[in-house]
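# Secondary and tertiary structure notes
So you can see what is in the structure, the chains are spelled out below.
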Amino acid sequence: MFTKHKYLGAPKYDPAWEQQKKLAQKRGRPSGYVIIGLGFLLIVILVASSVRAATGYDPSVQTLALLQNEARTVYLGNLARRDNGVP
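Criteria and cut-off values
Residues numbered from 1 in each chain as written. Predicted model: local features only at pLDDT ≥ 70, side-chain atom pairs only at ≥ 80, totals over all residues. Heavy atoms only, no water. Helix = DSSP H or I, 4+ residues; strand = E, 2+ residues; numbered from the N terminus. Buried < 20%, exposed > 50% of the residue type's maximum accessible area, 1.4 Å probe, protein only. Areas by Shrake-Rupley, 256 points an atom, 1.4 Å probe, with all protein chains shown as cover. Expected span 1.5 Å × (residues − 1).

## Comments concerning the overall build of the protein
Across its full length, the protein holds three helices and two strands. Traced from its N-terminal end to its C-terminal end, the protein shows the element sequence β-β-α-α-α. In the protein, buried positions account for 1% of the 87 residues. Of the accessible surface of the protein, which amounts to about 8300 Å², a share of 65% is contributed by carbon and sulfur atoms.

Quick look at the structure:
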């Protein structure tokens with residue numbers, strides 16, 4: 001990598017920078033492409049989840065049998081809690 005020299009302002013080759021770059025690659029640090037890819041994936045997941053939340057719950061999908069089953073489950077759960085002294 002070429003950097004500007006402190007005093008002359010002319011570009012100067014910096015071998016320490018190249019050495020740090022090689023050490024970072026040996027240590028297994030993620031490259032810029034990996035970080036950008038993970039960021040893009042995170043954005044896609046967040047957008048997909050917000051779209052799903054925005055659509056909401058459609059109560060027309062619940063049939064009469066499901067409604068009765070849910071009511072029975074809640075009722076029996078309340079009886080079991082009462083029998084065990086749980087408010």
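## Notes on helix 3 (residues 64-83)
When the terminal C-alpha atoms of helix 3 are compared, their 29 Å separation across 20 residues agrees well with the 28 Å that a helix rising 1.5 Å per residue should span. G85 occupies a position one or two residues after helix 3 and carries a positive phi of about 75°.

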